Structures are given as C-alpha cells and as structure tokens.
Amino acid sequence: RREKREKENAPTKVVVRRLPPSLSPEEFLEQIAPVPEHTDFYFCRPDMSLGSNAVSRAYINFAKFEDICLFREKFDGYVFLDSKGNEYPVVVEFAPYQKCAKKKAKKPDPK
Amino acid sequence: PDLPQMVRAERPAWQEYIRKLLYKDLSKTTTEKVLRQARKLNWDDPEVSSYMTKCIIHVWNMRYNNIHCAANLLAGLAPYHEEVAIHVVDGVLEDIRIGMEINHPKFNQRRVSMVKFLGELYNYRMVESAVIFKTLYTFITFAVFLEANAPNILDQPEHLFRVRLVCVLLDVCGQYFDRGSSKKKMDCFLVYFQRYYWFKRQASIWTEERPFPMDIEYLYRDTLESLRPKLQLCTSFEEAQKAVDELEKEIREKLASILPIQDTDEQTE
C-alpha cells in the first residue's frame with residue numbers, strides 16, 4: 001500500500017464543540033463576532049439520535065494561524081446559553097480531520 | 001386512559017428513498033448500483049446533501065458486515081461531492097469522541113460500528129494514517145490517569161470497552177501499517193497500548209472471584225498476534241511500563257541528537 005507523503009502542515013481547522021442544540025448558525029456567528037478571517041465555515045445541527053446529549057458544533061478554517069490562539073483563549077470554555085437559559089460550556093480545539101473543501105468550482109457530476 | 005400514541009417517524013418519500021438505498025440496498029454486490037443511484041440525487045438541494053451526510057454517518061443502521069460498503073460508496077461520491085465526504089469524516093470523528101464523553105453502554109454497538117467505519121474510511125483512502133493514530137491514542141489517553149487511585153470517571157477500572165474499540169480499529173486497518181514510518185508509528189502505539197491494557201488488567205477490582213474477562217483478554221491477544229506475530233507481549237504492568245520508559249528514553253536521545261538543545265532540567269515528554 002502506497003501512501004502519499006502526508007503533509008504535516010500546521011493545523012488551521014478548528015472545531016467548536018458542545019454548542020447548545022437550539023443555537024442557529026447565524027446566532028453563533030453573531031456571538032463570536034467579529035469572526036476572524038477564515039476560508040471555511042460550517043455548522044452542524046445536533047444529532048438527535050443522541051437524545052439529551054445532542055449538541056451542535058461549528059468548524060472554522062482560519063486564514064491566519066495567529067488568530068487561532070486568540071480565538072481559543074476567548075472561547076474555549078466560554079459558556080453559551082440556549083433559549084431556556086441552560087448553560088453550555090463549549091470546547092474549542094483543532095479538528096482531528098484537517099481537510100477542507102477546495103473553493104474552486106468543482107467538476108459537476110456527469111451522473 | 002389516554003395513552004400517548006407511539007409516534008412513528010413520518011418521512012417524506014425522498015428521505016425514505018435515501019434510507020432504502022443506504023440501509024436496505026447497499027451491499028457488497030450492489031455498491032456500484034447504489035452509487036449510480038446516489039449520484040442522481042439532487043445534491044444542489046442542501047436538504048438532500050445534509051440528509052445524505054447524516055444517513056451515511058449513522059452507519060450503525062447498516063449491517064455490521066456491510067460497513068465497508070458505506071466507505072466504498074463515500075469514496076465514490078467524494079470526487080463530485082467533496083464537502084459531503086469531509087462532513088461525514090468530521091461527523092464520524094465527533095461521534096467517536098462524544099461517545100467517550102457520554103460513555104453510556106446503550107451506545108456501545110453504535111460506537112463499535114463507528115470505529116469500524118473509520119477504519120474502513122482509511123482503507124478506502126478517505127483519511128490519512130495520522131487520523132487513525134490520533135484516534136487510537138485518544139482511546140488510551142482521553143480522561144485516563146495511569147494511577148490506581150486517580151478518578152477516571154470516563155474510564156473506570158471495570159470499563160474495558162476502549163480496549164475493544166482499539167482492537168476493532170486495529171483489526172480493520174492495522175495490517176496496512178506494515179512498512180516504513182507507519183510501521184514504526186504502529187510499533188510505538190502498541191507499546192503504549194500494552195501499558196494501557198495492563199493498567200486495566202492489574203486493577204484491584206479483578207479478583208479470584210471476579211477475574212478479568214476472558215473475552216477481552218482473547219480479543220487483545222488475537223489482535224496483537226495477528227498484527228505482530230513475532231511480538232513478545234508484556235506480561236505485567238511493570239514490564240509494559242518499562243517498555244514505555246525505554247521507548248521514551250530512545251526518543252529523547254534521538255531528539256537531543258538532532259535538535260540543538262542545551263542541557264535543561266526540564267524533561268521533554
């Protein structure tokens with residue numbers, strides 16, 4: 001099995017875990033505003049099959065490495081509230097999977 | 001009395017169709033066909049692509065022996081729907097992590113399926129070996145303190161489930177870490193894994209009346225033996241700890257020889 005040489009670049013993709021399940025992506029962005037320069041952002045709705053443990057999460061791919069430390073300092077352990085006032089201390093860490101979608105127009109599937 | 005009616009999930013037809021494709025039709029012999037059908041979905045509709053993402057992540061709804069088909073399918077979709085592929089991998093890794101945080105037996109089968117899926121994603125080249133190693137090390141370190149009296153709330157002495165998860169992942173893709181740097185990395189991991197295993201095994205809760213479960217012991221031995229037939233397994237925690245100490249000493253020396261570090265009192269871990 002041949003494996004491509006793995007790039008050991010500095011990680012840039014960060015995940016914010018354990019966000020309130022009712023939080024919308026817009027509210028999230030509002031709460032962390034001003035959002036540092038980034039090349040990718042996506043938000044995952046809670047997985048309801050986890051029942052009461054269901055939480056949301058967000059991925060941000062930072063443009064500048066320096067911004068990550070500042071962001072983490074500010075938001076790791078930061079408490080988000082849901083609409084009922086329940087507290088959700090969130091976890092900010094590097095995403096274990098660093099790949100991001102290329103922004104180039106992808107080839108359409110000829111199907 | 002007014003009993004609440006059992007509510008069955010009413011799903012729109014397109015969702016039922018996706019579920020049928022993934023959870024009923026998908027098998028070794030139909031993967032190509034299912035892939036062709038899946039590619040015809042209206043992926044431009046964010047509802048469709050996010051539902052598809054979710055259903056692929058929920059791989060425990062498939063037959064355990066068909067999980068590799070899901071990885072194969074995703075690899076077939078990835079060239080056209082890169083975002084879906086990335087979101088699935090992110091979702092799988094999150095599920096593995098939150099499984100350790102929730103740590104409830106009702107999710108055990110789901111967690112086993114998920115870990116198998118991750119291994120298959122490696123086999124279909126959807127993730128690199130670094131992701132596999134990160135996951136393996138997370139299993140043996142997350143909220144683990146190698147001290148008999150330290151509280152391991154998320155990994156109590158009688159919980160042996162993480163040994164099982166490590167073995168599942170090693171059984172699925174460990175055989176490919178057989179040369180070059182990935183072989184070396186695997187050898188290192190096995191040193192640490194043996195220490196974790198012996199930490200579990202030597203816990204004082206295991207007694208004559210309540211011996212360490214045989215199925216876990218066999219699983220552990222079988223996995224290591226098939227991976228490294230010539231490896232002399234450690235036979236006690238002390239021995240496993242010594243192996244870790246030697247490995248770390250070696251690494252420190254190697255680091256010191258290539259890095260221009262002057263003597264400091266701090267030890268690098």
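Whatever comes next refers back to the structure up there.
Residues numbered from 1 in each chain as written. Chains lettered and ligands numbered in written order. Predicted model: local features only at pLDDT ≥ 70, side-chain atom pairs only at ≥ 80, totals over all residues. Heavy atoms only, no water.

S.K.: Mind laying out the interface of chain B and chain A, listing which residues take part and the relevant values?
M.R.: Each partner contributes residues to the interface: chain B has 35 residues there, and chain A has 29 residues. Taken together, the two surfaces of chain B and chain A that pack against each other cover about 3000 Å², and 47% of this comes from carbon and sulfur. Contact with chain A buries surface across chain B, with Tyr80(B), Glu82(B) and Asp90(B) losing the most and accounting together for 18% of the total. Across the chain B-chain A interface, the total number found is 7 salt bridges. If you look at where chain B meets chain A, you find 12 residue pairs in polar contact (both at pLDDT 80 or more). Going through the elements one at a time, helix 5 (82-102), helix 6 (108-123) and helix 7 (129-141) of chain B are the ones with two or more residues in the side of chain B that touches chain A. Take the side of chain B that touches chain A: its biggest share by element is 14 residues, from helix 5 of chain B. Across the side of chain B that touches chain A, the residue classes tally to 16 nonpolar, 6 polar and 13 charged. (Contact = heavy atoms within 4.5 Å. Buried area = accessible area lost by both parts, 1.4 Å probe. Salt bridge = Lys/Arg side-chain N within 4 Å of Asp/Glu carboxyl O. Polar contact = N/O pair within 3.5 Å; in protein donor to acceptor, adjacent residues only side chain to side chain. Helix = DSSP H or I, 4+ residues; strand = E, 2+ residues; numbered from the N terminus. Nonpolar A, V, L, I, M, F, W, Y, C, P; charged D, E, K, R; others polar.)

S.K.: So what about unusual backbone geometry? Which residues, and what values?
M.R.: In the segment running from Ala33(A) into Pro34(A), the intervening peptide bond is cis, with an omega of -5°. Within the secondary structure, Pro34(A) is located in the loop between helix 1 (25-32) and strand 2 (38-44). For Arg18(A), which is not glycine, the phi torsion reads 65° and is therefore positive. In this fold, Arg18(A) is placed in strand 1 (residues 13-19). With a phi close to 50°, Asn103(B) is a non-glycine residue in the positive phi region. Tracing the chain through its elements places Asn103(B) in the loop between helix 5 and helix 6.

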